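The primary structure of each chain is shown beneath.
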Amino acid sequence: MKIALIAHDKKKNEIIALAKKYVDVLKGHELYATGTTGTLIMGETGLPIHRMKSGPLGGDQQIGAMLANGELDLIIFLRDPLTAQPHEPDVSALLRLCDVQSIPLATNASSATVMLDAMKSGIYFK
């Protein structure tokens, strides 16, 4: 599977913790991430990750283009709903594309855990 990992600034620690907990699950898949998130996860886990630009600099749009082209199978995007994001239209477009393409999307650590546990058990979403 091709999996994208994205996290707003206040959620970076949560996505790193998820990646560390599920490193054995994630290492069997092709991973993509926005810039800073990818760098942090790679540094903490050693997982190989294809890094895009930072979200506010177009990384969300790069992930969105991959979605539109059918190049991703799962998105984990830990969003910070309490902080205004300067690139909110890009975030909204990404979420909309997940619905249009019927791509599983986790927007918080609890839903990401459910998806990663399912993958660990051999259940896939596509």
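Here the structure is a predicted model, which is why all the values come from computation and not from measurement.

Student: Any chance you could explain the pairing of strand β2 (residues 30-33) here in plain terms?
Tutor: The side chains of a regular strand alternate, residue by residue, between the two faces of the sheet. Both strand β1 (residues 2-7) and β2 contribute to a ladder of 4 bridges, which runs parallel. For Leu5, the partnering residue across the bridge sits in β2 and is Ala33. In terms of strand pairing, β2 meets strand β3 (residues 49-51) through 3 bridges, oriented parallel. In the sheet register, Ala33 faces β3, and the bridge partner there is Arg51. The parallel pair β2 and β3, bridged by helix α3 (residues 35-45), forms a crossover whose chirality is right-handed.

Student: Can you help me understand the sheet that holds β1 in this one?
Tutor: Within a beta sheet, neighbouring strands are joined by backbone hydrogen bonds and run either parallel or antiparallel to one another. Across the sheet, 5 strands lie side by side as β3-β2-β1-β4-β5; this open sheet has parallel pairing. Each having just a single partner strand, β3 and β5 (105-106) make up the two edges of the open sheet. Along the sheet, α3 contacts β1, β2 and β3; its crossing angle with β3, the most-contacted strand, is approximately 155°.

Student: How should α3 be read in this particular structure?
Tutor: A turn of α-helix holds 3.6 residues, and therefore any two residues three or four places apart point the same way. Along α3, the residues that are buried comprise Gly35, Thr37, Gly38, Ile41 and Thr45. All buried residues of α3 fall inside an arc of 165° around its axis, so they share one side. Considering only its buried residues, α3 is in contact with β1, α1 (12-21), α2 (23-26), β2 and β3. Looking one or two residues past α3, Gly46 carries a phi angle of roughly 80°, positive in sign.

Procedures and definitions
Residues numbered from 1 in each chain as written. Predicted model: local features only at pLDDT ≥ 70, side-chain atom pairs only at ≥ 80, totals over all residues. Heavy atoms only, no water. Pairing = 2+ DSSP bridges. Helix = DSSP H or I, 4+ residues; strand = E, 2+ residues; numbered from the N terminus. Right-handed = clockwise from strand over helix to strand, strands pointing away. Contact = heavy atoms within 4.5 Å. Axes fitted to C-alpha atoms, helices over the stretch in contact; angles between N-to-C directions. Buried < 20%, exposed > 50% of the residue type's maximum accessible area, 1.4 Å probe, protein only. Arc of directions from axis to C-beta.

None of this, on its own, says anything about what the molecule does.
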